[in-house]
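Descriptive structure summary
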Amino acid sequence: MRVRFSSRSLADLCGSAAAIDRKWGSALGICLRRRLKLLVATPTLDLLRDYPGVLPVKLKTDARDQLAIGVRKDCRLIVVPDHRPVPRHSNGELAAKEIDQIIVVEVSIYGA
């Protein structure tokens with residue numbers, strides 16, 4: 001999948017193992033790097049369903065088309081499909097098989 005970042009600062013941060021570890025610690029850093037590598041290696045969003053805890057069962061987005069991708073219990077990557085218009089089924093759910101580009105908007109840490 002093609003993965004972009006919403007800002008240059010987020011791209012710089014997530015593009016450096018040392019920067020990730022400094023900001024979030026090495027334990028979370030390992031999980032974040034694994035998840036980012038998985039996103040890049042996976043052709044479409046639909047294939048992420050094969051990994052437990054990564055995607056919700058129903059792929060609904062919020063009003064800003066944002067979707068949470070699980071990293072670990074206390075961390076999610078907030079992403080938006082990088083498609084205009086966003087591919088959807090008639091029930092409003094994302095057409096995950098058609099989404100092959102995303103933009104990482106935020107790294108959300110619970111309790112931080």
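Residues numbered from 1 in each chain as written. Predicted model: local features only at pLDDT ≥ 70, side-chain atom pairs only at ≥ 80, totals over all residues. Heavy atoms only, no water.

1. Describing the overall build of the chain
- Summing up its helical and strand segments, the chain has three helices and four strands in all.
- Counting helices and strands in the order they occur from the N terminus, the chain gives β-α-α-α-β-β-β.
- Its C-alpha atoms give the chain principal-axis dimensions of roughly 45 × 25 × 25 Å.
- Counting all 112 residues of the chain, 45% fall into the buried class.
- Of the contacts made within the chain by residues no fewer than 6 positions apart, 55% connect residues no fewer than 24 positions apart.
- Total accessible area on the chain stands at roughly 6400 Å², and carbon and sulfur atoms take up 52% of it.
- The average position of the 19 basic charges and that of the 12 acidic charges among the side chains of the chain differ by 4 Å. (Helix = DSSP H or I, 4+ residues; strand = E, 2+ residues; numbered from the N terminus. Buried < 20%, exposed > 50% of the residue type's maximum accessible area, 1.4 Å probe, protein only. Contact = heavy atoms within 4.5 Å. Areas by Shrake-Rupley, 256 points an atom, 1.4 Å probe, with all protein chains shown as cover. Lys, Arg positive; Asp, Glu negative; His and termini not counted. Charge placed at Lys NZ, Arg CZ, Asp CG, Glu CD.)

2. Points about the nonpolar core
- With 30 residues, the main nonpolar core has L32, L39, L45, L48, I69 and L77 as its most contacted residues.
- Elements with a contribution of two residues or more to this core: α1 (8-14), α2 (17-24), α3 (26-41), β2 (67-72), β3 (75-81) and β4 (101-109).
- For this core, the element with the most residues is α3, which contributes five residues.
- Excluding residues that lie within four positions of it along the chain, L39 makes contacts with M1, V3, L48, I69, L77 and I102. (Core = buried A, V, L, I, M, F, W, Y, C linked by side-chain atoms within 4.5 Å.)

3. So, α2
- Of the positions making up α2, those classed as buried are A19, I20 and W24. Across the axial projection of α2, the buried residues extend over an arc of 100°, all falling on one side.
- Check the buried side of α2 and you find it contacts α1, α3 and β4.
- Backbone geometry just downstream of α2 places G25 in the positive-phi region, at approximately 90°. (Arc of directions from axis to C-beta.)

4. So, the confidence of the model for the chain
- Averaged over every residue, the pLDDT of the chain is 89; the share at 70 or more is 91%.
- The least confident element of the chain is β2, whose mean pLDDT is 90; the most confident is strand β1 (residues 2-5), at 97. (pLDDT = per-residue confidence, 0-100.)

5. Remarks on the packing of α2 against α3
- Axis separation between α2 and α3 bottoms out at 7 Å; the angle between their running directions is 135°. In terms of orientation, α2 lies oblique with respect to α3. Note on packing geometry: the crossing formed by α2 with α3 is right-handed. Along its contact with α2, which presents A17, I20, D21 and W24, the element α3 presents S26, L28, G29, L32 and R33.
- Grouping the constituent residues of the contact of α2 with α3 by class yields five nonpolar, two polar and two charged. (Axes fitted to C-alpha atoms, helices over the stretch in contact; angles between N-to-C directions. Parallel < 35°, antiparallel > 145°, perpendicular 65-115°, else oblique. Left-handed = near helix turned anticlockwise from the far one by under 90°. Nonpolar A, V, L, I, M, F, W, Y, C, P; charged D, E, K, R; others polar.)

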